[in-house]
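For reference, the chains in residue letters:
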Amino acid sequence: MPGISSCCLMAEPLAQALDRLSPLTDLIEIMDEGPHLIRDTSLLESYTQKFIVHAPFHGVNVASLLEPIRKASVVVTSDCLARAAAVGAVGVVVHPGYYAWEQERKAVERQFGKSLRELNRAAREYSVTFWFENMGNMNYFNLRTPESLSLIKGTGLALDTGHAYLNGCLEDFLKIPFCHMHIHDNKGKTDTHSAIGEGTIDFIPVFRALERTGATSVLEMKDFPAVEKSLRVLNRRKSQKIHSGKRQGKKRIIPAAG
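Residues numbered from 1 in each chain as written. Predicted model: local features only at pLDDT ≥ 70, side-chain atom pairs only at ≥ 80, totals over all residues. Heavy atoms only, no water.

Draft legend 1. Highlighting the environment of Gly188. Inspection of the secondary structure puts Gly188 in the loop between strand 7 (180-183) and helix 6 (203-213). You can call Gly188 partly exposed: its relative accessible area is 28%. Distance in space between the C-alpha atoms of Gly188 and Gly156 is 25 Å, their sequence separation being 32 residues. Gly188 has contacts with Tyr165, Leu166 and Thr200, leaving out every residue within four places of it along the chain. (Helix = DSSP H or I, 4+ residues; strand = E, 2+ residues; numbered from the N terminus. Buried < 20%, exposed > 50% of the residue type's maximum accessible area, 1.4 Å probe, protein only. Contact = heavy atoms within 4.5 Å.)

Draft legend 2. Inspection of the packing of helix 2 (residues 67-86) against helix 3 (residues 105-126) at higher detail. The interhelical angle for the contact between helix 2 and helix 3, taken along N-to-C directions, is 25°, at an axis separation of 10 Å. The orientation of helix 2 with respect to helix 3, classified from their angle, is roughly parallel. As helix 2 packs across helix 3, the resulting crossing turns out to be right-handed. Residue-level inspection shows Glu67, Arg70, Val74, Thr77, Ser78, Leu81, Ala82 and Ala85 of helix 2 in contact with helix 3, the latter providing Gln111, Lys114, Ser115, Glu118, Leu119, Ala122, Ala123 and Tyr126. Here the contact of helix 2 with helix 3 is composed, by residue class, of eight nonpolar, four polar and four charged. (Axes fitted to C-alpha atoms, helices over the stretch in contact; angles between N-to-C directions. Parallel < 35°, antiparallel > 145°, perpendicular 65-115°, else oblique. Left-handed = near helix turned anticlockwise from the far one by under 90°. Nonpolar A, V, L, I, M, F, W, Y, C, P; charged D, E, K, R; others polar.)

Draft legend 3. Representation of helix 3 in the model. For helix 3, with 22 residues, the first-to-last C-alpha span of 31 Å sits near the 32 Å given by 1.5 Å per residue. The set of residues buried in helix 3 consists of Val108, Gln111, Phe112, Gly113, Ser115, Leu116, Leu119, Ala122 and Ala123. For helix 3, the secondary structure elements touched by its buried residues are helix 2 and strand 5 (130-133). Ser127 lies just past helix 3 and shows a positive phi near 55°. (Expected span 1.5 Å × (residues − 1).)

Draft legend 4. Representation of the pairing of strand 3 (residues 50-54). Along strand 3, four of the five residues are buried, which leaves the element largely enclosed by surrounding structure. As judged from the two bridges shared by strand 3 and strand 4 (residues 92-94), these two strands associate in the parallel manner. Note that in strand 4 the partner of His54 across the bridge is Val93. (Pairing = 2+ DSSP bridges.)

Draft legend 5. Structural detail: a positive patch on the surface. A contiguous patch of positive charge, built from Arg117, Arg121, Arg124 and Lys153, is present on the exposed surface. With respect to the secondary-structure elements, Arg124 resides in helix 3. (Patch = residues over 30% accessible without salt bridge, like charges linked within 9 Å, V, L, I, M, F, W, Y side chains within 5 Å. Areas by Shrake-Rupley, 256 points an atom, 1.4 Å probe, with all protein chains shown as cover. Salt bridge = Lys/Arg side-chain N within 4 Å of Asp/Glu carboxyl O. Lys, Arg positive; Asp, Glu negative; His and termini not counted. Charge placed at Lys NZ, Arg CZ, Asp CG, Glu CD.)

Draft legend 6. Inspection of the pattern of salt bridges at higher detail. Summed over the entire model, instances satisfying the criterion amount to 10 salt bridges. Lys229 is the salt-bridge partner of Glu198, the closest N and O atoms lying 3.2 Å from each other. Taken as a pair, Glu198 in the loop between strand 7 and helix 6 and Lys229 in helix 7 (residues 224-249) lie far apart in primary sequence, 31 residues in all. In this structure Glu198 comes out as partly exposed when scored by relative accessible area, which is 32%. Classification of Lys229 by relative accessible area gives partly exposed; the value is 31%.

Draft legend 7. Representation of unusual backbone geometry within the structure. The phi angle at Lys153 is positive, at roughly 50°, despite the residue not being glycine. Topologically, Lys153 is positioned in the loop between strand 5 and strand 6 (156-160). Here Lys153 falls in the exposed class, since its relative accessible area comes to 64%. Positive phi is not limited to glycine here, since His193 has a value of about 50°.

Have a look at this one:
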């Protein structure tokens, strides 16, 4: 069963969000910014759940051509890696940055390469893993399609199903090894982060890919009711699989002759 991202409860303080999510899952992804910025890692000590941390991304651009902004973005992300290490997080999700003008793409890729080397050093220092998330269908984001995976040079992928679907390449992304997954639905036009079943994504191959890879995953919905609805869908799916397995496991008993 997938974990849950705290982004569905961003209107609530982190402690309150964790209290609401912890009875529902043993894996929580913390959106480490805004109201859920991890200011005190001791807050997480009273929970038995495992954690994944989503690095800050508003105002952050690890591919910026403006060197002071790029450096500051690396510092912000490295600080997040340190917090994740302090709470024993499974891993950290990082956005791959963006560019303003098509003519700047090559220069931005060089800037991203510098940040990647610096983040790798920080990850080794703190003994924590991080993955880059594929982005949605907004122009000038890095890492929107599988063809751009060479940019991250073997760093793990956090596969966002909704983003991949918006870019028309979810099927291709599912063929590629990934380490973590964000699960949400949409209708192929806007990044609505809807509940499973409210959009047009076929989740059967999504869950098959998850089973094949053994990757971690979380529900990343816009609000708490969407998470609850998705959990009901997943529980029905689990129940149907169990009943199907029982039917398949029954053997026909043939009476003995005579």
